[in-house]
Amino acid sequence: MEKRKLGQNGLEVSALGFGCMGLNYGRGSDLSQEEAVQLIGAAFDRGVTFFDTAEVYGPFTNEEFLGEAIAPFRGRVVIATKFGYQFDEQGREAGLNSRPEQIRAAAEGSLRRLKTDVIDLYYQHRVDPNVPIEDVAGTVKDLIREGKVLHFGLSEAGVPTIRRAHAVQPVAALQSEYSLWWREPEAELLPVLEELGIGFVPFSPLGKGFLTGAINAQTQFDPSDRRNGIPRFSSEARAANQSLVTLIGQIAQEKNATPAQIALAWLLAQHPWIVPIPGTTKLHRLDENLGATDVELSSADLKSIQIALSEVVIQGDRYPAHLQRQVNR
Ligand SMILES: NC(=O)c1ccc[n+]([C@@H]2O[C@H](COP(=O)([O-])OP(=O)(O)OC[C@H]3O[C@@H](n4cnc5c(N)ncnc54)[C@H](OP(=O)(O)O)[C@@H]3O)[C@@H](O)[C@H]2O)c1
């Protein structure tokens, strides 16, 4: 698979990464460790060298699955994980915390669960309003100096925060939502990333599954599925947003591809420093998604997609209010 560079310090990854979260957290699926290990191994066999997880996924088990899976080929893959939460005595997520001592403790836990002595890319998961970003960047800088981390990343940070962090410790990648139905990063964020030479890792590149056409207004999510709490996934919003799915389906037919492949190929075509991280629990969908790297969208294709998209109005916020406050700050 084609390789892409994130940031200016030699971080090189496959053009498509693999988002591990939904293997056992947030998307209603609960794969066993054995099943997760098999799927991650299959992704590696197919050329994926970039795997995304976080301390908070599970919490903790998602990192354990990834650590187990990549142990046989650790030296040949890039692991990205994230800090920024605290946990109660039962190990449940208990709010944001990016204080230096919390970051250090999180890094030790992640290193242990990932069975590695270095985290390739370490993101702050959400900006903590109680901790100056300079302190966060400074702590990661220390971890880099100590050899425990190789590259620094941010997730859902706003432009002023990115600039301040980057001045302390160069940021290799920003990971934020970006897809055919969430294009806000185009306005302010992408130009600043280009200016600073920071890579971009779009999460939820398939619109949490919606853009693939596999979800409609009647789809019932498992009670553990976090999409139940997302306004954009109310059944009314799903019904209203079907016109986008229809449009993507038409483009897919013209290009002899699937809607999921169009959603990913469109992201890949935006900039050479963009690396989407789709997630799936299914081998046949992994193959389908990786097929996006063979779908070429010409500038005429991109232009007609742009025109078609401008006629679609998306309904529903991408996060409920309490989580919306944590993004872009
Ligand atoms: N930094 C952050 O705050 C943040 C937030 C969210 C996600 N992430 C990262 O981004 C990764 C991906 O995001 P995501 O899981 O939210 O969304 P996504 O990759 O856009 O979509 C995943 C969903 O789509 C389904 N799917 C995947 N391929 C498909 C296909 N070809 N056809 C039909 N359905 C398909 C999957 O279901 P099946 O399993 O049934 O295939 C799953 O429910 C996560 O794993 C995580 O690593 C980061």
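Below: a short report on this structure.

1. Observations regarding the site of the ligand
Okay, step 1: Residues in close proximity to the ligand total 32 residues, the closest being Asp52, Leu206, Thr280, Thr281 and Lys282.
Okay, step 2: Between Arg27 and the ligand, the recorded distance is 2.8 Å, taken from a side-chain N or O atom to an oxygen atom.
Okay, step 3: Contact distances for the ligand include 3.4 Å between an oxygen atom and a backbone N or O atom of Gly207.
Okay, step 4: Protein burial of the ligand: of its 900 Å² of free accessible surface, 94% is covered by the chains.
Okay, step 5: Among the elements that take part in the shell around the ligand, helix H10 (residues 283-290) stands out by supplying 3 residues, more than any other.
Okay, step 6: Of the residues contributing to the shell around the ligand, the split by class is 10 nonpolar, 13 polar and 9 charged.

2. Points about the environment of Arg183
Okay, step 1: Among the structural elements, Arg183 can be located in the loop between strand E10 (171-177) and helix H6 (189-196).
Okay, step 2: For the pair Arg183 and Asn256, spaced 73 residues apart in sequence, the C-alpha to C-alpha distance is 25 Å.
Okay, step 3: Excluding residues within four positions of it along the chain, Arg183 makes contact with Tyr178, Trp266, Gln306 and Leu309.
Okay, step 4: Only 3.0 Å separates the side chain of Arg183 from the side chain of Glu186, close enough to count as a polar contact.

3. Remarks on the nonpolar core
Okay, step 1: Counting residues in each nonpolar core, the largest one holds 89 residues, and the members touching the most others are Phe18 and Phe51.
Okay, step 2: Take this core: its biggest share by element is 8 residues, from helix H9 (residues 259-268).
Okay, step 3: Not counting residues within four places of it along the chain, the set of residues in contact with Phe51 comprises Phe18, Cys20, Ile40, Ala43, Phe44, Leu66, Ile70, Val77, Val78, Ile79 and Ala80.
Okay, step 4: Counting 16 residues, the second-largest nonpolar core is a separate cluster that includes Leu6, Leu121, Ala172 and Val327.

4. Thoughts on the sheet that holds strand E8 (residues 119-124)
Okay, step 1: Strand order in the open sheet formed by 7 strands is E3-E4-E5-E8-E9-E10-E11, and the pairing between neighbours is parallel. Taken across any chain shown, the strands that pair with only one partner, and hence form the sheet edges, are strand E3 (18-19) and strand E11 (199-203).
Okay, step 2: Two strands pair when backbone bridges link them, and E3 and strand E4 (residues 50-52) are joined in this way by 2 bridges, in the parallel orientation. If you follow Gly19 over to E4, its bridge partner there is Asp52.

5. Let's talk about the packing of helix H4 (residues 133-145) against helix H5 (residues 159-168)
Okay, step 1: At their nearest, the axes of H4 and H5 sit 8 Å apart, and the two run at 35° to each other. Two packed elements cross with a definite hand, and for H4 against H5 that hand is right-handed. Here Ile133, Glu134, Ala137, Gly138 and Lys141 of H4 lie close against H5, whose contacting residues are Thr161, Arg164, Ala165 and Val168.

6. A look at H10
Okay, step 1: Leu286, Asn289 and Leu290 are the residues of H10 that are buried. Buried residues along H10 cover an arc of 95° about the axis, so they all sit on one side.
Okay, step 2: Those residues of H10 that are buried are in contact with E3, helix H1 (33-45) and H9.

7. Overview of the pattern of salt bridges
Okay, step 1: In this structure the tally under the stated criterion is 19 salt bridges.
Okay, step 2: A salt bridge links Arg145 to Asp142; the shortest N-O distance between them is 3.0 Å. In this pair, Arg145 and Asp142 both sit in helix H4, 3 residues apart, roughly one turn of the helix.
Okay, step 3: Asp142 sits in the partly exposed class, given a relative accessible area of 30%.
Okay, step 4: Through salt bridges that share partners, Glu156, Glu177, Lys208 and Arg318 make up one connected network.

Each value, and the rule that gives it
- Residues numbered from 1 in each chain as written.
- Predicted model: local features only at pLDDT ≥ 70, side-chain atom pairs only at ≥ 80, totals over all residues.
- Heavy atoms only, no water.
- Near = heavy atom within 4 Å.
- Polar contact = N/O pair within 3.5 Å; in protein donor to acceptor, adjacent residues only side chain to side chain.
- Areas by Shrake-Rupley, 256 points an atom, 1.4 Å probe, with all protein chains shown as cover.
- Helix = DSSP H or I, 4+ residues; strand = E, 2+ residues; numbered from the N terminus.
- Nonpolar A, V, L, I, M, F, W, Y, C, P; charged D, E, K, R; others polar.
- Contact = heavy atoms within 4.5 Å.
- Core = buried A, V, L, I, M, F, W, Y, C linked by side-chain atoms within 4.5 Å.
- Buried < 20%, exposed > 50% of the residue type's maximum accessible area, 1.4 Å probe, protein only.
- Pairing = 2+ DSSP bridges.
- Axes fitted to C-alpha atoms, helices over the stretch in contact; angles between N-to-C directions.
- Left-handed = near helix turned anticlockwise from the far one by under 90°.
- Arc of directions from axis to C-beta.
- Salt bridge = Lys/Arg side-chain N within 4 Å of Asp/Glu carboxyl O.

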